[in-house]
Each structure stands twice: as structure tokens, then as C-alpha cells.
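# Remarks on the overall topology
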Number of protein chains: 2
Amino acid sequence: MDERVPRDFETLRTTILERRHSLPKRIAQIAAYALDNPDDIAFGTAASIAASAGVQPSTLIRFAQQLGFDGFTSLQLVFRERLRERNSSYDERLAALRAKAEEGAGHRAIFDGFVAAASTSLNDISGRLNEDHFEDAIALLAKAETIYVLAKRRSYPVASYIAYALGKLKIRNQLIESAAGLNAEMISFASPRDAVIAISFSPYAPAAIEEARVISEQGVPIVAITDSSFSPLAQFAKVWFEVAEADFAGFRSLSATMALAMALTVAVGEKRRDAGRKRKT
Amino acid sequence: MDERVPRDFETLRTTILERRHSLPKRIAQIAAYALDNPDDIAFGTAASIAASAGVQPSTLIRFAQQLGFDGFTSLQLVFRERLRERNSSYDERLAALRAKAEEGAGHRAIFDGFVAAASTSLNDISGRLNEDHFEDAIALLAKAETIYVLAKRRSYPVASYIAYALGKLKIRNQLIESAAGLNAEMISFASPRDAVIAISFSPYAPAAIEEARVISEQGVPIVAITDSSFSPLAQFAKVWFEVAEADFAGFRSLSATMALAMALTVAVGEKRRDAGRKRKT
DNA sequence: TATGGATTGGAATTATTATTTCATATTGCC
DNA sequence: GGCAATATGAAATAATAATTCCAATCCATA
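Quantities reported herein were computed from a predicted structural model and do not represent experimental measurements.

## Thoughts on the packing of aromatic side chains
How two aromatic rings sit relative to each other is set out by the distance from centre to centre and by the angle between their planes. Applying the stated criterion to the full structure yields twelve aromatic pairs over all chains. With a centroid separation of 6.5 Å and 85 degrees between ring planes, the pair formed by Y156 of chain A and Y156 of chain B is classed as edge-to-face. Pair noted here: Y156 of chain A is in helix α10 (residues 156-168) and Y156 of chain B is in helix α10 (residues 156-168), and the two residues belong to different chains. Each member of the pair Y156 of chain A and Y156 of chain B is classed as buried. Aromatic pair F114 of chain B and F248 of chain B: ring centres 5.1 Å apart, planes at 75 degrees, arrangement edge-to-face. One end of the pair, F114 of chain B, is in helix α8 (residues 106-128); the other, F248 of chain B, is in strand β6 (residues 247-248), and 134 residues separate them in sequence.

## Quick notes on the domain arrangement of chain A
Here chain A is partitioned into domain 1 (9-85) and domain 2 (129-280). For domain 1 of chain A and domain 2 of chain A, the distance between their C-alpha centres works out to 55 Å.

## Points about the pattern of salt bridges
All chains considered together, the criterion is met by 20 salt bridges over all chains. Of the charged contacts in the structure, one is a salt bridge between E211 of chain B and K152 of chain B, with a shortest N-O distance of 3.2 Å. Of this pair, E211 of chain B sits in helix α12 (residues 206-217) while K152 of chain B sits in the loop between β1 (147-151) and α10, placing them 59 residues apart in sequence. Assessed through its relative accessible area of 11%, E211 of chain B is described here as buried. Residue class for K152 of chain B comes out buried when judged on its relative accessible area of 17%. A network of salt bridges, in which partner residues are shared, links R108 and D112 of chain A together with E131 of chain B.

## Focus: the protein's contact with DNA strand D
Taken together, 19 residues are adjacent to DNA strand D, and A46 and F72 of chain A together with R26, Q56 and R62 of chain B come closest. A breakdown of the atoms of DNA strand D within 4 Å of the protein gives sugar and phosphate a share of 62%. In the environment of DNA strand D, a phosphate oxygen lies 3.4 Å from a nitrogen or oxygen atom belonging to the backbone of K25 of chain B. The side chain of R62 of chain B places a nitrogen or oxygen atom 2.5 Å from a base oxygen of DNA strand D. Among the secondary structure elements, those contributing two or more residues to the surface near DNA strand D are α4 (46-53), α5 (57-66) and α6 (72-85) of chain A together with α2 (25-36) and α5 (57-66) of chain B.

## Comments concerning the protein's contact with DNA strand C
The environment of DNA strand C is made up of 18 residues, and the closest members are R26, Q56 and R62 of chain A together with A46 and F72 of chain B. Among the atoms of DNA strand C lying within 4 Å of the protein, the sugar-phosphate backbone contributes 62%. Taking K25 of chain A, its main chain carries an N or O atom lying 3.2 Å from a phosphate oxygen of DNA strand C. Contact distances for DNA strand C include 3.0 Å between a base oxygen and a side-chain N or O atom of S58 of chain A. Among the elements of the structure, α2 (25-36) and α5 of chain A together with α4 (46-53), α5 and α6 (72-85) of chain B are those that each provide at least two residues to the surface near DNA strand C. In terms of residue count, the dominant contributor to the surface near DNA strand C is α5 of chain B (four residues). Taken together, the residues of the surface near DNA strand C sort by class into six nonpolar, eight polar and four charged.

## Remarks on the interface of chain A and chain B
Opposite the 56 residues of chain A that make contact, chain B presents 57 residues. Taking both partners together, chain A and chain B bury about 5,500 Å²; carbon and sulfur atoms supply 64% of that area. Considering only the surface of chain A that becomes buried against chain B, F43, H107 and F251 of chain A emerge as the three largest contributors, covering 14% of it. Linking chain A with chain B are two salt bridges. Across the salt bridge formed by R108 of chain B and E131 of chain A, the nearest N and O atoms sit 3.8 Å from each other. Taken together, the links from chain A to chain B amount to eight residue pairs in polar contact (both at pLDDT 80 or more). Those elements giving two or more residues to the side of chain A that touches chain B turn out to be α3 (38-43), α6, α7 (90-103), α8 (106-128), α9 (131-142), α10, β7 (251-252) and α14 (255-280) of chain A. Counting residues per element, the side of chain A that touches chain B draws most heavily on α8 of chain A, which supplies twelve residues.

Basis of the calculations
Residues numbered from 1 in each chain as written. Chains lettered and ligands numbered in written order. Predicted model: local features only at pLDDT ≥ 70, side-chain atom pairs only at ≥ 80, totals over all residues. Heavy atoms only, no water. Phe/Tyr/Trp six-rings, centres within 6.5 Å; stacked < 30°, edge-to-face > 60°. Helix = DSSP H or I, 4+ residues; strand = E, 2+ residues; numbered from the N terminus. Buried < 20%, exposed > 50% of the residue type's maximum accessible area, 1.4 Å probe, protein only. Domains from an automatic or database assignment. Salt bridge = Lys/Arg side-chain N within 4 Å of Asp/Glu carboxyl O. Near = heavy atom within 4 Å. Polar contact = N/O pair within 3.5 Å; in protein donor to acceptor, adjacent residues only side chain to side chain. Nonpolar A, V, L, I, M, F, W, Y, C, P; charged D, E, K, R; others polar. Contact = heavy atoms within 4.5 Å. Buried area = accessible area lost by both parts, 1.4 Å probe.

This is the structure:
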């Protein structure tokens with residue numbers, strides 16, 4: 001074996017792609033197969049791989065030799081190394097983190113627990129977002145004159161970030177909170193041309209539910225982020241999202257809710273900008 | 001092979017863990033090795049694995065047979081299948097999400113972008129948390145009479161969640177915000193027996209920095225969460241954490257900061273509970 | 001279209017590897 | 001402490017797989 005033998009998969013891949021056109025027919029055939037089915041090369045036997053690729057075992061060995069390996073076995077090692085070095089899967093990683101958090105005492109375990117909860121929530125929502133609802137919500141919010149943001153207690157941080165972001169995007173918005181106890185008045189200004197983003201999770205803060213009820217009775221459309229279809233918030237909402245946040249030590253992660261909230265906000269900003277551009281042309 | 005042979009890795013794992021204590025010594029030894037080094041089982045030869053685990057090849061085969069396989073080869077298939085089926089790596093997954101977010105237009109891409117940003121941030125902080133600083137911060141906060149929470153603008157949601165959690169844990173705290181413009185007075189009440197959690201990221205909100213300066217001059221110890229050692233917040237802090245939050249569309253993720261903040265809060269709660277218990281006994 | 005060189009197929013050979021066997025050691029039980 | 005049952009070690013054997021070899025085929029070139 002000379003010194004230029006590819007030792008890692010990426011180098012090997014590049015080498016094969018470079019030489020692709022100067023390779024004899026059957027060798028090229030096995031080369032293509034190898035890049036398309038690297039797992040098969042890693043696990044199979046020379047005979048089984050050759051059969052799958054439609055060539056003779058000897059061709060497979062010639063292929064390896066052309067690349068500078070002294071036989072199929074050494075070529076196969078590269079393909080195995082690739083699988084070995086590939087990081088552990090997302091799920092395993094999470095499971096490990098969660099396990100450490102559960103069994104392990106100590107403060108580090110607490111930290112791991114929160115990271116795991118946040119990751120789990122993100123992972124979950126990433127696969128579950130209903131795109132139609134998402135589009136509906138964006139459309140609804142994009143045409144609102146003022147966006148009211150409603151969330152209490154543990155959901156409040158999300159609301160405050162939404163309000164911050166909407167402000168940055170120059171979208172008129174009103175966070176429903178008032179040190180002076182003027183929430184009811186604030187709500188009474190909302191009209192059907194406005195819209196609400198309401199966020200509440202079980203146990204639903206009574207104030208949030210009550211305010212959502214009032215505001216929906218005024219005909220203001222509500223986009224809700226909540227945790228189940230039984231949520232009282234869902235019944236008042238035009239569009240609602242179910243977000244399952246994992247919790248740790250009694251505190252729910254907000255990461256998935258945050259990601260959704262930010263996506264909604266920025267998407268609304270984009271949609272408005274597009275609409276504005278259209279009107280001008 | 002009877003019908004109860006584990007065909008997937010998880011089942012196999014569970015089976016092994018169940019029987020762990022009823023297995024003969026050497027078999028148990030190889031069982032432990034198998035669960036600790038699944039990749040070696042997938043790729044190695046019976047002889048090489050046996051050598052690494054410090055047993056004879058025949059023991060390895062007996063182990064496989066105990067589990068219902070008819071030999072090492074069929075056991076090995078399960079370990080190989082695991083590698084095959086294992087999802088793409090965490091990094092690959094994130095890269096895919098990010099790529100989709102960048103190239104892809106549409107609103108779904110925005111959502112993916114925020115999820116990717118949050119995941120990246122969590123992943124990053126998970127490996128970088130300095131445990132010594134973490135312990136120091138917890139000790140410092142646990143002995144404070146009142147914990148002041150200071151954060152403005154984009155960091156404010158984190159502060160509000162900390163305040164919520166501290167309240168839930170019955171830890172006296174004060175969020176430094178005042179609609180009536182009384183922040184300066186609020187700060188003046190803080191004493192060296194209190195402590196501050198301050199959060200600020202570039203571009204540092206001037207108000208946050210100024211308040212941190214004043215409060216540190218009063219001798220109140222500060223735990224800071226910020227983004228670099230050049231942060232003006234770091235110079236006022238007794239302990240500080242560097243958190244690198246990924247951003248998307250101009251908005252920074254808060255997921256890592258949130259996780260750290262919650263971990264701090266809960267850890268402080270635990271430490272106080274422990275200390276209280278000790279004093280009583 | 002004839003010729004030399006390169007390529008390919010298939011079987012024979014060699015090597016490696018899993019499995020079995022049997023002697024020995026260990027353990028649990030009366 | 002002795003006996004049977006179980007577990008272990010080491011080497012022999014069987015199975016499987018990689019590699020080699022050679023004849024057949026293909027292809028480019030004169």
C-alpha cells in the first residue's frame with residue numbers, strides 16, 4: 001500500500017469521484033454502488049456486495065486495488081470507520097443526557113436535565129408543526145392592525161419576547177399587562193381588525209383564559225399556543241398550536257414555544273413586507 | 001432460535017439488563033462489554049471481541065446462545081442493524097435543518113431556522129458549561145438574602161422566567177424593572193448580603209450595564225450571563241458565564257440562556273433546602 | 001478484420017473466522 | 001467435604017469468506 005491510500009471516507013469519496021470517468025466499466029459500476037450504498041460495503045461480504053452490485057467478487061477486489069488498497073478488506077475498513085465515527089444518534093444522545101440528569105445527583109445533573117428537556121421539546125415540535133395552521137396563523141396576524149400579546153405567569157417570558165421582536169420589526173403590538181390594573185380597558189380597545197397571540201399551558205392561568213374569552217367575544221381573532229385540544233384556550237382560538245414542552249424539576253421548557261413564537265413573528269414580518277412591496281408596484 | 005429472540009438493539013439491551021444478575025461471571029463480563037462497546041461488537045471478529053473483553057471466543061458464543069441466538073453471527077447482526085438504522089448524526093441533522101432554513105424560502109424555513117438555532121445553542125452550551133463557575137454561582141446565590149434579577153430588552157424574557165421560578169421556589173427576589181422609573185431606588189436597596197443575576201448580550205443595553213455598575217459598586221456580588229469576556233458585564237461580575245446563542249433572521253435564540261438560568265435557579269433552590277435541613281438537625 | 005492489451009467471469013485456492021468439542025475448573029448443595 | 005451441575009479455557013474442526021489465477025471476452029488500433 002503506498003502512502004496515498006485514502007484513509008478516511010471523505011478522501012476516498014473524492015478520489016473515486018475524480019477517477020470516475022477513467023475507470024473500466026465494471027469497476028465504475030462497483031464504484032458507483034459503493035458511494036450509493038456505503039452501509040452495504042461496511043457490513044457485507046465481498047460476495048454479497050458483488051452480487052448486489054451485479055459484478056464478480058474479483059472485480060470488487062480489483063476496484064479496491066485500483067484505489068491503492070491491498071484488498072477488499074482494507075477498503076472495507078474505511079467504510080466501517082465512517083460508521084464508527086459518525087456521532088451517536090440524536091435520540092441516544094438525548095437519552096444519555098436525560099439518564100445522567102435522572103440518576104446523577106449534583107448540580108450538573110440539573111443543568112443536563114434542563115438542556116435535555118429543551119432539546120426534547122424542540123425535537124418534538126420540529127416534527128409536529130402543522131404547516132397549514134402555521135400559514136393560517138401568519139395570514140391572520142399579518143393583516144391585523146395591532147397584534148395583542150396575551151400570556152401570564154410561566155408563559156409570560158414568551159409573550160415579552162414576542163413583543164420585543166414585533167417592536168423590532170416595526171409591527172404595532174400591545175402586550176396585555178398593566179401594573180396599573182388596566183388590562184380590561186386595554187382589551188376593550190381591540191377590534192376585529194386586530195389579532196391576538198395567546199399563550200397558556202396547563203394549569204391555565206385564569207386571568208389569561210378570562211381575557212382570551214372576553215377578547216374573542218369582541219370578535220378579535222385569536223392565535224393560540226397551548227398544550228392540548230382540551231385547553232380552554234383552544235376553544236376561543238381561530239388557529240391553535242399544540243406544543244408539548246418537556247419539563248424538568250417542575251419547570252417546563254419554553255424552547256419549543258419560543259421557537260414557534262419567533263417563527264410566527266418573523267414570518268408575519270416577512271409577509272407584511274411582501275404585501276407592502278406588492279401594493280407599491 | 002425460538003420466537004423470543006431480541007431482533008432489535010433496544011429489546012436486546014433490555015433483555016441483557018434484566019438478566020444481568022443471573023448470568024455467570026464471564027458471560028456477565030461479555031454482556032457488560034457488549035453494552036459498553038456496541039460498535040466493537042458490530043465490527044469485530046469473535047476472536048478480537050473476546051480478547052478485548054478478556055474472555056474466550058467460546059464464551060462469546062455461549063453468551064449469544066443464552067440470549068436465544070444460534071451463534072455469535074446472528075447476535076452480531078443485531079448490533080449491525082443498530083448502526084444501520086441509527087438516525088443520521090446529530091450534526092448531520094442540524095446541518096440539514098439549517099440548510100433547509102437557508103435555501104428554502106417559505107415560512108416553514110423560518111420555523112426550521114429558529115429550531116436549528118435553538119438546538120445549536122443548546123448543543124453548544126451543553127459541552128461548554130464550566131462546572132466550577134456553575135458551583136460558585138450557585139453558592140453565591142444560595143446565600144443571598146434577596147436575589148435581584150437584571151436584564152433588559154432581548155434578555156428580559158429570561159429575567160422574567162427566573163423571577164417566576166424563584167417565586168415558585170419561595171426564594172425572595174426582585175426583578176429590576178419599574179414602570180414608574182424607580183429602578184435607581186430599587187437598586188439602592190441592594191446590599192452585599194444580596195446577589196444579582198444579570199443577563200446581557202451584545203449590543204449591551206446601556207441601562208443594564210449602568211445598573212450593573214452601580215449595583216456592583218455597592219458591593220453586591222453579580223452572577224452574569226453574557227456572550228464574551230469582552231462584555232462590559234463580565235468586568236462587574238464575581239462569576240460569569242459565556243453563552244453563545246445562535247441567531248436566525250436577526251433574532252437570537254434564548255434556549256441556552258434559558259436552560260442555564262433555570263438550572264441555576266433550581267440548583268439554588270436545592271442548595272437552600274439542603275442548607276435549611278442541615279441547620280435544623 | 002486481425003492483433004495486442006486490457007478487462008472480465010468463474011472456479012480453485014488460501015485465509016480467516018465461527019463453532020464445536022472436550023478436558024478442567026468452579027460453584028452450589030446435601 | 002464430597003458430589004453433581006454448571007461454567008470456563010484451549011485447541012480442533014467446520015464454515016465462510018477473501019483472494020488468486022487463468023481462460024474468455026472485449027475493445028482500440030493499425
